[in-house]
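Report on the structure
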Amino acid sequence: MFGFGTKNVGIDLGTANTLVYIEGKGIVVNEPSVVARNTQDDTVIAVGAEARAMIGRTPANVTAIRPMKDGVIADYDTTTAMLKYFLNKAFAGKNAHPAVMVCVPSGVTEVEKRAVQDAAKVAGAKDAFVIEEPYAAAIGAGLPVMDPTGSMVVDIGGGTTDVATISLGGIVSSRSIRNAGDKMDEAIVAYIRAHFNLLIGERTAEEIKMTIGSASVAAAKDLDDMAIRGRDLLSGLPETIDITAVDVAKAIQEVIQAIIDAVKDTLEETSPEIAADVIDHGIVLTGGGALLKDLASVISDATKVPVFIAQDPLDCVAKGTGESLKNLDALKH
């Protein structure tokens, strides 16, 4: 445990989940990016998994919120409190002041980057640096980012989908769109409300997506139905209905198309040499969205390029952020 407080830390500060990576130890924290606050005295009641369990179930004086929206900080004070909690948990309550590397979506402004760095410092970091999410994802997925070979990564998180081609240690072309996991959940809620007069919560929508969600309407025909509970909008009473996987696939088609368009736009923007490398080596999917059934084949069909899912796609950004800590000295100069 000697020198524990001096270990550098990588943080995947996601809209849906936050992962903390400690140099030499790997991922030590993986919890939902949710904070529950008492609105009367503004105290933090719970953070992470405990706070997520409260979403949609809180009394009037408690709010469970996600302080990150579309990959950037929406509520600065709450994000700082959340980071402080996660760092404290990562270092088992020891008073550590590590150098921290935090990932941000590729499309963020300098102001948004600065907000992330400031929040990390207020939370207890001695120094804070940022790394772009698709670049971290590519490192975490084991792609040869330093080689003169073009690689392409599509990182589908909760708030953003980041698409990038990478070569010689840098991003060549990229797109960051606010169409990702959360938008799929919202689309499922809206579809069920419109077609079944049933109101469901975001947690139920996410469960539906993970259980019977598919990127392909055709492939969804082979999946089972699912019983879901919600509130009937006509009677106002609780009700259980069966929903088909085809319904879910139809609900999220717009979001899937937006992701495909972002991939195509990024490919069109890149040089013929890198495009040729991508055709040879394929596109790699990372992030929680990579786990959506049939997504790889749908993107492959649309782009005519092979598509692979990274090993442990949920951990790629955190691992890559952690790996990049090895080059921290170069960033300090």
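Residues numbered from 1 in each chain as written. Predicted model: local features only at pLDDT ≥ 70, side-chain atom pairs only at ≥ 80, totals over all residues. Heavy atoms only, no water.

Digging into the overall build of the protein chain
Worth spelling out the cut-off: Strands here mean DSSP runs of E at least two residues long; helices mean DSSP runs of H or I at least four residues long; both are numbered from the N terminus. Accessibility here uses a 1.4 Å probe with only protein chains present; expressed as a share of the type maximum, an area under 20% marks a residue as buried, one over 50% as exposed, and anything in between as partly exposed. To measure how exposed things are, a 1.4 Å probe is used in the Shrake-Rupley method; for residues, cover is taken only from the protein chains shown. Positive charges come from Lys and Arg alone, negative charges from Asp and Glu alone, with His and the N- and C-terminal ends not counted. Positions of charges follow a simple convention, taking NZ of Lys, CZ of Arg, CG of Asp or CD of Glu.
On a plain count of helices and strands, the protein chain comes out with 13 helices and 18 strands. Along the first, second and third principal axes, the C-alpha set of the protein chain runs to 65 × 60 × 35 Å. With 333 residues in all, the protein chain has 51% of them scored as buried. Accessible area for the protein chain stands at about 15,100 Å²; split by element, carbon and sulfur atoms hold 50% of it. Across the protein chain, the mean location of the 30 positive side-chain charges is 5 Å away from that of the 45 negative side-chain charges.

A short note on the layout of surface pockets
The line we're drawing: The distinction between a cavity and a pocket rests on a 1 Å grid over the protein atoms alone: a 1.4 Å probe fits inside a cavity but cannot get out, while a pocket stays open yet meets protein on both sides within 12 Å along at least five of seven lines, and a residue with an atom within 4 Å of a point counts as lining. Grid points are joined across faces, edges and corners, and a volume is the space filled by probe spheres set on the points. Amino acid classes used here: Ala, Val, Leu, Ile, Met, Phe, Trp, Tyr, Cys and Pro are nonpolar; Asp, Glu, Lys and Arg are charged; the rest, including Gly, are polar.
For the largest pocket, the calculated volume is near 850 Å³. Lining the largest pocket are 40 residues; nearest its centre among them are Ala16, Asn17, Glu206, Gly288 and Leu314. Mapped by element, the contributors of at least two residues to the lining of the largest pocket are β1 (9-13), β2 (17-22), β3 (26-32), β11 (151-156), α5 (181-196) and α6 (202-212). When residues of the lining of the largest pocket are assigned to their parent elements, the largest contribution, five residues, is made by α6. Partitioning the lining of the largest pocket into residue classes produces 15 nonpolar, 13 polar and 12 charged. By volume, the second largest pocket amounts to about 290 Å³. Around the second largest pocket sit Arg52, Ile55, Gly56, Arg57, Gly201, Glu202, Arg203, Thr204, Glu206, Glu207 and Met210, which together line it.

Focus: the side chain of Glu133
Heads up, the condition is: Here, a salt bridge means any side-chain nitrogen of Lys or Arg that lies within 4 Å of a carboxyl oxygen of Asp or Glu. The criterion used for residue contact is that any of the two residues' heavy atoms lie within 4.5 Å.
Following the sequence through the fold, Glu133 ends up in helix α4 (residues 133-140). Buried within the structure, Glu133 lacks any salt-bridge partner; its nearest side chain of opposite charge belongs to Arg178, at an N-O separation of 11 Å. Each residue touching Glu133, except ones within four places of it in the same chain, is listed here: Cys103, Val104, Pro105, Asp155, Thr160, Asp162 and Val317.

Overview of the packing of aromatic side chains
Put simply, the test is: Aromatic rings from Phe, Tyr and Trp, taking only the six-membered ring of Trp, are treated as a pair when their centres fall within 6.5 Å; an angle between ring planes under 30 degrees marks them as stacked, one over 60 as edge-to-face, and anything in between as tilted.
Under the defined criterion, the tally for this structure stands at one aromatic pair. Measuring from ring centre to ring centre gives 5.6 Å for Tyr85 and Phe86, while their planes differ by 65°; the resulting arrangement is edge-to-face. Note on Phe86: relative accessible area 1%, which makes it buried.

Concerning the sheet that holds β2
Put simply, the rule is: For two strands to be treated as a pair, DSSP must find at least two bridges joining them. Between N-to-C directions, angles cover 0 to 180 degrees, with each direction set by a line fitted to C-alpha atoms, over the stretch in contact for helices.
Spatial ordering of the open sheet is given by β3-β2-β1-β9-β10, a layout of five strands whose pairing is mixed. Each of the sheet's edge strands pairs with one partner strand only, and the pair in question is β3 and β10 (127-132). Going from strand to strand, the sheet's axes swing by 20° on average, the running direction of each strand aside. Pairing of β1 with β2, which is carried by five bridges, proceeds in the antiparallel orientation. If you follow Val9 over to β2, its bridge partner there is Ile22. Contacting β9 (99-104) and β10, helix α3 (residues 110-122) crosses the sheet at an angle of about 140° to β10.

Concerning the nonpolar core
As a reminder, the rule being used: Grouping buried Ala, Val, Leu, Ile, Met, Phe, Trp, Tyr and Cys residues that are joined through side-chain atoms within 4.5 Å yields what is termed a nonpolar core. In this entry, domain limits derive from an automatic or database-based domain assignment.
Residues Ile188, Ile200, Ile208, Ile228 and Ile256 are the most contacted members of the largest nonpolar core, which totals 47 residues. With seven residues, the single largest contributor to this core is helix α9 (residues 253-269). Two domains share this core, each providing at least three of its residues, namely domain 2 (144-179 + 254-313) and domain 3 (181-251). Sequence-distant contacts of Ile256, defined by excluding residues within four places in its chain, comprise Met184, Ala215, Leu292, Leu295 and Val298.

Describing unusual backbone geometry
Here the phi dihedral of Asp294 falls at roughly 65°; this positive angle occurs in a residue that is not glycine. With relative accessibility at 29%, the residue Asp294 sits in the partly exposed group.

What about the sheet that holds strand β13 (residues 170-177)?
Read from one edge to the other, the open sheet built from five strands follows the order β13-β12-β11-β17-β18, with strand pairing classed as mixed. Both edges of this open sheet fall to β13 and β18 (307-309), since each of them pairs with a single strand only. Averaged over all adjacent pairs, the angle separating strand axes in this sheet is 20°, with direction ignored. In this sheet, β13 lies alongside strand β12 (residues 161-167) in antiparallel orientation, the contact comprising seven bridges. Its bridge partner being in β13, Thr165 is matched across the sheet by Ser173. On top of the sheet, α4 reaches β11, β12, β13 and β17 (283-286); it is set at about 65° to β12, its chief contact.

Keep in mind these numbers describe shape, not what the thing actually does.
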